[in-house]
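# Analysis of the macromolecular model
One letter stands for each residue in the lines below.
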Protein chains: 2
Amino acid sequence: MQPGADLAALIGHAAAGIDETVVLAVAQKIVSKAEGAIVDLRQIQPSPLARSWASEWNKDPRLIELILAQSRRIVKMDRGVIISETQRGFVCANAGVDESNVPGEDFATVLPADPDASAQRLRESVGCGAVIITDTFGRPWREGLVDVAIGVAGLDPLDDHRGRMDRHGRKLASTIIAVADQLAAAAGLVMKKDAGYPVVLIRGFEFQPAEAFARALLRKPEQDLFR
Amino acid sequence: MQPGADLAALIGHAAAGIDETVVLAVAQKIVSKAEGAIVDLRQIQPSPLARSWASEWNKDPRLIELILAQSRRIVKMDRGVIISETQRGFVCANAGVDESNVPGEDFATVLPADPDASAQRLRESVGCGAVIITDTFGRPWREGLVDVAIGVAGLDPLDDHRGRMDRHGRKLASTIIAVADQLAAAAGLVMKKDAGYPVVLIRGFEFQPAEAFARALLRKPEQDLFR
């Protein structure tokens, strides 16, 4: 996958029978590569903070500087781990900066500049019902990573059950399901990290068509109990 | 679903062709009901804390007392929301206490006493490859709920890619995938809250058979950056 590659055309060639009922899950890494969201670490001047952290935890100071630059807020920075809020509001390790599956020692990928826009472009070009751009995030309190949606086009990422009744006629109080994240997790089972399946077709899921965005999945600061 | 019901027999009757390749995802609510993990709120004496919180936020003080009793640590208690660590170490809203889909005004379900043991019993009785007991949890920073695994039998809940190589021959640094949570999320797409599909059959997923438990998904306090 080279910068400038026509990802939509590649998907169209690889998969038959894509129509409006299909949800396409696309791994962040392949989108970043196609969009040229790759940084040459040799061009980075590490700041004093990046140098001191890198030296303390045996990291590449250029990579730390890139992580800091991709962040708008550091959530936790402890024991060699940086959890930050990215410029677009995602809270994740290393601000989405990643060296794996990138050729060469001196390059790292960053998150797509606007994953919702990337998803929308892919949806239009491929002609599917919805697109989810996925990335693999850690969570507090639980071990292991899960895939979540960082870009969405064509479906409502949140399925709001409030006001609906449960099976005993009692109103469901606070049930809003993060459908886009559940789809991302399901796709993650198929993608696997080392197998290199960066695109997953999801058929048969009755999604709620909508002009919506993954940023609806980001909790607003004033509703965030964990700030 | 009545207390004492034979959930395994009901699943066996409802689904044909269950064998060692099948992963069964079972909603916590139905397991709790079958195991009688239902509490009669009329028998609860609210503590002063429960009464004061309930009065401030217009809640049922008996329900708050039950939530406190199911907790071993309060993680956040703010703006009417209680996030706690349950007696078994799950961090979630209301310690897993839930009034929805329970008949009657005066009853609530609690989490199964030992969800890993519940999963193991179901696995043996149904004769499937693996069982995951799922519950719907919120997350910090992200809107909406996703299903996660609170009980596991027969599969490794964590798929550890560390030491494996990426497609460019570089070692994957810290990639441990929470497979059981991704399976729970995939099943959650099918279960839906108001549809009442409490059991989902997953076929074709090549899981790692193991004598393992959902408690492997709980991050140890000393590795938890969010304590």
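Refer to the structure above for everything that follows.
From a predicted model like this one, the values you see are computed outputs, not experimental measurements. (Residues numbered from 1 in each chain as written. Chains lettered and ligands numbered in written order. Predicted model: local features only at pLDDT ≥ 70, side-chain atom pairs only at ≥ 80, totals over all residues. Heavy atoms only, no water.)

### Regarding the overall build of chain A
In terms of helices and strands, chain A carries six helices and 11 strands. What you see for chain A is a C-alpha radius of gyration of 19 Å, in line with the 17 Å of a compact globule of 227 residues. Each principal axis of the C-alpha atoms in chain A carries an extent, and together these give about 60 × 45 × 25 Å. Taking all 227 residues of chain A together, the buried fraction comes to 54%. Long-range contacts, defined as pairs at least 24 residues apart, comprise 59% of the intrachain contacts of chain A with a sequence gap of at least 6. Accessible surface, chain A as shown: approximately 10300 Å² in total, 50% of it carbon and sulfur. Computing the positive centroid from 27 side-chain charges and the negative centroid from 30, chain A places the two 5 Å apart. (Helix = DSSP H or I, 4+ residues; strand = E, 2+ residues; numbered from the N terminus. Rg over C-alpha atoms; globule rule 2.2 N^0.38 Å. Buried < 20%, exposed > 50% of the residue type's maximum accessible area, 1.4 Å probe, protein only. Contact = heavy atoms within 4.5 Å. Areas by Shrake-Rupley, 256 points an atom, 1.4 Å probe, with all protein chains shown as cover. Lys, Arg positive; Asp, Glu negative; His and termini not counted. Charge placed at Lys NZ, Arg CZ, Asp CG, Glu CD.)

### Quick word on the packing of aromatic side chains
Counting across every chain of the model gives four aromatic pairs over all chains. Pairing Trp141 of chain A with Phe226 of chain A gives two aromatic rings, centres 5.2 Å apart and planes at 65 degrees, and the pair type is edge-to-face. With Trp141 of chain A in the loop between strand 7 (130–137) and strand 8 (146–153) and Phe226 of chain A in the segment after strand 11 (199–202), the pair connects residues that are 85 residues apart, well separated along the chain. For the pair Trp141 of chain A and Phe226 of chain A, a shared accessibility class is recorded, and that class is buried. Between Trp53 of chain B and Trp57 of chain B, the aromatic rings sit 5.7 Å apart at their centres with planes inclined by 45 degrees, giving tilted as the arrangement. Here the residue Trp53 of chain B and the residue Trp57 of chain B both occupy positions in helix 3 (residues 48–57), the gap between them amounting to four residues, near one helical turn. (Phe/Tyr/Trp six-rings, centres within 6.5 Å; stacked < 30°, edge-to-face > 60°.)

### What to know about helix 1 (residues 7–14) of chain B
Residues and elements named next belong to chain B. Residues of helix 1 that are buried: Leu7, Ala8 and Ile11. Seen along its axis, helix 1 keeps its buried residues to an arc of 100 degrees; they face one direction. Of the surrounding secondary structure, the elements contacted by the buried residues of helix 1 are strand 1 (23–27), helix 2 (28–34), helix 5 (115–126) and strand 11 (199–202). (Arc of directions from axis to C-beta.)

### Considerations on the packing of helix 1 of chain B against helix 5 of chain B
All names here are of chain B. The contact between helix 1 and helix 5 brings their axes to 9 Å, and the two run at 45 degrees. On the basis of the axis angle, helix 1 is oblique to helix 5. When the axes of helix 1 and helix 5 are compared, the crossing they make is right-handed. Across the interface between the two elements, Leu7, Ala8 and Ile11 of helix 1 pack against Leu122, Ser125 and Val126 of helix 5. Considered class by class, the residues forming the contact of helix 1 with helix 5 number five nonpolar, one polar and no charged. (Axes fitted to C-alpha atoms, helices over the stretch in contact; angles between N-to-C directions. Parallel < 35°, antiparallel > 145°, perpendicular 65-115°, else oblique. Left-handed = near helix turned anticlockwise from the far one by under 90°. Nonpolar A, V, L, I, M, F, W, Y, C, P; charged D, E, K, R; others polar.)

### What about the relation of the copies chain B and chain A?
Mapping chain B onto chain A calls for a screw motion: a turn of 180 degrees about the axis and a shift of 0.0 Å along it, with 0.0 Å RMSD after fitting. Those values place the two copies in the arrangement expected of a two-fold rotation axis. No C-alpha of chain B approaches the rotation axis more nearly than that of Ala186 of chain B, which lies at 2.3 Å. Interface residue correspondence from chain B to chain A reaches 100%, placing this contact among same-surface, isologous pairings. (Least-squares fit on C-alpha atoms with pLDDT ≥ 70 in both.)

Note that all results are geometric; they support no functional claim without further evidence.
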